[in-house]
Amino acid sequence: VKGLSVLDPRSVALQPLPPVTLEAVLKDGHPIPPEDGFALPTGPGRIEFQYSCPAINAPESLFFQFRVVGFDRDWVDANQRRSAFYTNLPPGSYRFEVRVRNGNTSWSTVTVKPFRM
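Reference entry: report on the structure contained in this document. (Residues numbered from 1 in each chain as written. Predicted model: local features only at pLDDT ≥ 70, side-chain atom pairs only at ≥ 80, totals over all residues. Heavy atoms only, no water.)

### A short note on the sheet that holds strand 1 (residues 21-27)
Item 1. Pairing in this open sheet of four strands is antiparallel, and the strands run 2-1-4-7 from one edge to the other. Strand pairing shows two members of the sheet lacking a second neighbour, strand 2 (30-32) and strand 7 (83-87), which therefore form its edges. Averaged over neighbouring strand pairs, the angle between their axes works out to 25 degrees when direction is ignored.
Item 2. As paired elements, strand 4 (residues 46-52) and strand 7 share five bridges and run antiparallel to each other. Within strand 7, the residue paired with Gln50 across the bridge is Ser83. (Pairing = 2+ DSSP bridges. Helix = DSSP H or I, 4+ residues; strand = E, 2+ residues; numbered from the N terminus. Axes fitted to C-alpha atoms, helices over the stretch in contact; angles between N-to-C directions.)

Here it is, written out as C-alpha cells:
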C-alpha cells in the first residue's frame with residue numbers, strides 16, 4: 001500500500017484490437033445500408049465507405065488500410081482517415097476490405113463486406 005511499484009512495458013501483452021466496423025456506405029451522398037451482399041446503383045458516381053475501430057485506448061494511434069477486391073491491386077494506406085472514396089467503379093461484384101493497426105503492432109483481422117454494382 002505504501003510501497004514502490006515497477007512496471008516493465010516490454011512485459012505487458014498488447015490486447016488485440018477489435019475488428020473494424022463499416023459504419024456507412026454512401027453513393028453520391030445518399031446512404032446505402034452496408035449489409036452483406038448489398039447492391040449499389042450502377043452508373044457513374046462517387047462511393048464513400050465510412051469505417052472506424054472502437055478502440056478506447058489512444059484512438060489517435062490507429063492506422064487503417066483498405067481495398068476493393070476486384071478493383072485495387074493492393075492495400076491503400078489511409079493512415080488515420082476513416083473513410084475511403086471511389087469514383088466510377090465499373091459494374092461487377094466486389095469486396096470492400098479494411099484493417100487497422102495500433103502503432104507498430106500487426107494488422108487486425110480484415111473486415112469484409114461484399115457488394116455489387
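### Focus on the sheet that holds strand 8 (residues 93-102)
Item 1. Spatially, five strands are ordered 3-9-8-5-6 in an open sheet, and the strand pairing comes out mixed. Edge positions in the sheet fall to strand 3 (38-39) and strand 6 (76-79), since each of these pairs with one other strand and no more.
Item 2. As defined by bridge partners, strand 8 adjoins strand 9 (residues 111-116) across six bridges and the pair is classed as antiparallel. Residue pairing in the sheet places Glu97 in a bridge with Val112 of strand 9.

### Quick word on the nonpolar core
Item 1. One finds Phe49, Tyr51, Phe64, Phe96 and Phe115 to be the most contacted residues of the largest nonpolar core, which totals 25 residues.
Item 2. Contributing elements (two or more residues each) for this core: strand 1, strand 4, strand 5 (62-69), strand 7 and strand 8.
Item 3. Excluding its chain neighbours within four sequence positions, the residues that come into contact with Phe115 are Gly37, Phe38, Leu40, Phe49, Val68, Leu89, Gly92, Ser93, Tyr94, Arg95 and Phe96. (Core = buried A, V, L, I, M, F, W, Y, C linked by side-chain atoms within 4.5 Å. Buried < 20%, exposed > 50% of the residue type's maximum accessible area, 1.4 Å probe, protein only. Contact = heavy atoms within 4.5 Å.)

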